[in-house]
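A closer look at the structure
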Amino acid sequence: MSKGITSRKENYSQWYNEIVSKADLAENSGVRGMMVIKPYGYAIWEKIQAQLDKMFKETGHENAYFPLLIPKSYFSKEASHVDGFAKECAVVTHYRLKAGANGIEVDPDAKLEEELIIRPTSETIIWSTYKNWIQSYRDLPILVNQWANVVRWEMRTRLFLRTAEFLWQEGHTAHSNMQEALAETNQMLNVYAEFAENWLAVPVIKGAKTPNERFAGALETYSIEALMQDGKALQSGTSHFLGQNFAKAFDVKFTDKEGKLDYVWATSWGVSTRLMGALIMAHSDDLGLVLPPKLAPIQVVIVPIYKSEEEFNAVSKTALEIVSELKAKNISVKFDNRDTHRPGHKFAEYELKGVPVRIAIGPKDLEKGTVEIARRDTLEKQFVSNSNITETIEKLLEDIQKNIFDKALKFREESTYKIDSYEEFKKQIEEKPGFYLAHWDGTPETEEKIKNETKATIRCIPFDAPEEQGFCMVTGKPSNKRVIFAKAY
RNA sequence: CGGGGUGUAGCGCAGUCCGGUUAGCGUAUCUGCUUUGGGAGCAGAGGGUCGCAGGUUCGAAUCCUGCCACCCCGACCA
């Protein structure tokens, strides 16, 4: 492994790529735009999954699984949905190969009568199924989630941030009335925000998308928006209020308490492996990945320092005692006893991989009855007496979790600007990318004009934006709250 | 799909303009010895369809033709 990585200042996107590859998170595969998630990266994703899954179940949801392939006819039932996804769908047209003149080839006799779409999202197959599940208000609500992969044929891809195939969860719920569906949409956005802030340690802004940025087929799209260290926004989770659009498209009606037929109300919500991108870009530094302790596959690593075999044995004895103490406290710990690498190499390696806490034990420590404890986020080191190790580490893990959140929040606050002049906006968003709070006249035309001229888009209309009379920075028309503009991933 | 670029050892590259030893360097790998409190040192070894297919030539990584792949920049997007 070559030493060091490109600094953020030097080349931010190269820095990102190097962290992904050198921290062993993922790599490109033989299929353009599709990634291999490596064991260390997948271990983080599993932790993300485990926690979200728990939160979904706590809010009454159940997991299920729907097919990967969707008949083209299902897909085309909801008009705006088709418009939104048509250009990035992979299509299955045949079901057999045969040996041909140039090796293996598609058997032209095995053409499918109806072509199948590889799901870019599952609303259509799910609503065609829900039709059979729902007759009465007694069948509602349906609160289902699925963990799955989806394919969107992206032209330009980046590991985790935009890949042609990605892993995600998609929740699909059905309700008997609008209020309940809207409440669900809100609830799940709150679940995402809580997860982002308390687990990923990434502060997010909750808000509504403008019509331009809405999910294809939704009446409302809510999102959580995070700010990355280069001043670009990353949409980190979305929750959609679908109204009765899909129920109408798939003819899903139920009989209410009064015996009247009505269409079912729907929501859908998802987060993806893109969260890994958020995690990386929010906290990491020029030495490598920085992981929040709550999601780190290895929370503590122990590096032995020794010359002779006797020294190694003595150090190991202490190390193994610490391992069992920490394990008893449910802290994941690795004792790196490889003899093939020297301590300095290991230090650098675990910094690159973002392990939150490192313990080094050598002969000098054994004499003094101490160990050296280093934290990844601030790089501070301290010597701690053997009797206080577990306690110190428990506190340290909490501190690190909190500290990286605070740091990210401070960065976001310092990179958020109120702006009223469009001229100023155009200049500043180039020089100092970040969140720009500005008045907007509410029209898609103005939003489009700003996008074309600056590449910045409205990330969301924040829920907590205070009422404030002002004037659209472009057209001068009246506006009563500020929206967030930023360049986005 | 438009514009630009690159394909040479696992990875990163030189060599290509101007054809000519056995295709080289860094790193990684393997072996041995010395090392081990911040990415070890020395010595030795292994590893190549030079993107693919044709052509020109006594001779092609190098020149010509066609094809393929990947990367960057745009249009589209979680």
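Residues numbered from 1 in each chain as written. Chains lettered and ligands numbered in written order. Predicted model: local features only at pLDDT ≥ 70, side-chain atom pairs only at ≥ 80, totals over all residues. Heavy atoms only, no water.

With respect to the sheet that holds strand β8 (residues 111-118)
Judged by pairing direction, the sheet is antiparallel, and its 3 strands sit side by side in the order β4-β8-β5 without closing on themselves. Across the chains shown, the open sheet's two edge strands, defined by having one partner strand only, are β4 (69-71) and β5 (91-94). With direction set aside, neighbouring strand axes in the sheet form an average angle of 40°. Bridge count between β4 and β8: 3 bridges; the pairing is antiparallel. Within β8, the position partnered with Ile70 by the bridge is Ile117. (Pairing = 2+ DSSP bridges. Helix = DSSP H or I, 4+ residues; strand = E, 2+ residues; numbered from the N terminus. Axes fitted to C-alpha atoms, helices over the stretch in contact; angles between N-to-C directions.)

So, the protein's contact with RNA strand B
Around RNA strand B lies a shell of 34 residues, among which Arg156, Arg162, Thr163, Arg274 and Glu351 are the nearest. Each atom of RNA strand B within 4 Å of the protein was classed as base or backbone; sugar and phosphate made up 45%. Between Lys307 and RNA strand B, the recorded distance is 3.4 Å, taken from a backbone N or O atom to a base oxygen. Glu351 has a polar side-chain atom sitting 2.4 Å from a base nitrogen of RNA strand B. Of all the secondary structure elements, the ones that give two or more residues to the surface near RNA strand B are α10 (343-352), β19 (357-361) and α11 (363-368). Of the residues forming the surface near RNA strand B, the biggest block, 6 residues, is contributed by α10. The residue makeup of the surface near RNA strand B, split by class, is 11 nonpolar, 7 polar and 16 charged. (Near = heavy atom within 4 Å. Polar contact = N/O pair within 3.5 Å; in protein donor to acceptor, adjacent residues only side chain to side chain. Nonpolar A, V, L, I, M, F, W, Y, C, P; charged D, E, K, R; others polar.)

Structural notes on empty space enclosed by the protein
Summed over all chains, the structure comprises 2 cavities of 30 Å³ or more. One number sums up the size of the largest cavity: a volume of about 40 Å³. Lining the largest cavity we find Leu227, Met228, Gln229, Ala282, Ala408 and Phe411. Looking at the lining of the largest cavity, its residues break down into 5 nonpolar, 1 polar and no charged. In this structure, the second largest cavity occupies an estimated 30 Å³ of space. (1 Å grid on protein atoms, 1.4 Å probe; cavity = no way out; pocket = protein on both sides within 12 Å on 5 of 7 lines; lining within 4 Å. Points joined across faces, edges and corners; volume = space filled by probe spheres on them.)

Overview of the packing of aromatic side chains
Across all of its chains, the model carries 19 aromatic pairs by this definition. An angle of 75° between the planes, with centres 6.4 Å apart, marks the rings of Phe56 and Tyr192 as edge-to-face. Of this pair, Phe56 sits in helix α2 (residues 39-58) while Tyr192 sits in helix α6 (residues 178-200), and the two are 136 residues apart along the sequence. Neither residue differs from the other here; Phe56 and Tyr192 are each classed as buried. Grouped by ring-pair contacts, the aromatic residues Trp45, Phe56, Trp147, Tyr192 and Trp269 constitute a single cluster. Taking the ring centre of Tyr40 as reference, the NZ or CZ of Lys353 above it sits at 4.6 Å. In this arrangement the basic side chain of Arg358 is found over the ring face of Phe347, its NZ or CZ atom lying 3.9 Å from the centre. (Phe/Tyr/Trp six-rings, centres within 6.5 Å; stacked < 30°, edge-to-face > 60°. Buried < 20%, exposed > 50% of the residue type's maximum accessible area, 1.4 Å probe, protein only. Lys NZ or Arg CZ within 6 Å of the ring centre and 35° of its normal.)

A short note on the environment of Arg32
Of note, Arg32 is situated in the loop between β1 (26-28) and β2 (35-37). In sequence terms Arg32 and Leu234 are 202 residues apart; their C-alpha atoms lie 23 Å from each other. With near-sequence residues (within four places) excluded, Arg32 lies in contact with Met155 and Ala164. (Contact = heavy atoms within 4.5 Å.)

Notes on the sheet that holds strand β21 (residues 381-385)
Think of a sheet as strands paired side by side through backbone hydrogen bonds, with each pair either parallel or antiparallel. Ordered in space as β18-β17-β19-β20-β21, the 5 strands form an open sheet in which the pairing is mixed. Two strands bound the open sheet, and with one partner strand each, they are β18 (333-335) and β21. On average, adjacent strands in this sheet sit at an angle of 25° to one another, irrespective of strand direction. Each of β17 (300-304), β18, β19 and β20 (370-375) touches helix α9 (residues 309-328); the most contacted strand, β18, lies at about 170° to it.

Overview of the side chain of His81
Summarising the element assignment, His81 is placed in helix α4 (residues 79-85). At a separation of 3.0 Å, a polar atom in the side chain of His81 contacts the main-chain carbonyl oxygen of Ala216. Discounting chain neighbours no more than four positions away, the residues touching His81 are Phe75, Thr121, Glu123, Thr124, Phe215, Ala216, Gly217 and Phe246.

What to know about the packing of α2 against helix α8 (residues 274-283)
α8 packs onto α2 with a crossing angle of 110° between their chain directions and a minimal axis gap of 10 Å. Here α8 runs roughly perpendicular to α2, going by the angle between their axes. Side by side, α2 and α8 meet where Gly41, Ile44, Trp45, Ile48 and Leu52 of the first sit next to Leu275, Met276 and Leu279 of the second. Class assignment of the residues belonging to the contact of α2 with α8 gives a composition of 7 nonpolar, 1 polar and no charged. (Parallel < 35°, antiparallel > 145°, perpendicular 65-115°, else oblique.)

Brief notes about the environment of Gln469
Turning to its location among the elements, Gln469 is positioned in the loop between β24 (457-462) and β25 (470-471). Judged by its relative accessible area of 65%, Gln469 falls in the exposed class. The spatial distance from the C-alpha of Gln469 to the C-alpha of Leu242 is 31 Å, given a sequence separation of 227 residues. The contact partners of Gln469, leaving out residues within four places of it in the chain, are His439, Ser479 and Asn480.

Observations concerning the pattern of salt bridges
Two side chains carrying opposite charge are able to pair once their charged atoms lie near each other. For the structure shown, the criterion picks out 33 salt bridges. Among the salt bridges present, the one from Arg376 reaches Asp285, with a minimum N-O distance of 2.7 Å. Of this pair, Arg376 sits in the loop between β20 and β21 while Asp285 sits in the loop between α8 and β17; the two residues are 91 residues apart in sequence, bridging distant segments of the chain. Asp285 matches Arg376 in its accessibility class, with the two residues each being buried. (Salt bridge = Lys/Arg side-chain N within 4 Å of Asp/Glu carboxyl O.)

A closer look at the domain arrangement of chain A
Under the domain assignment used here, chain A contains domain 1 (12-283), domain 2 (298-402) and domain 3 (416-486). One C-alpha centre belongs to domain 2, the other to domain 3; they are set 49 Å apart. (Domains from an automatic or database assignment.)

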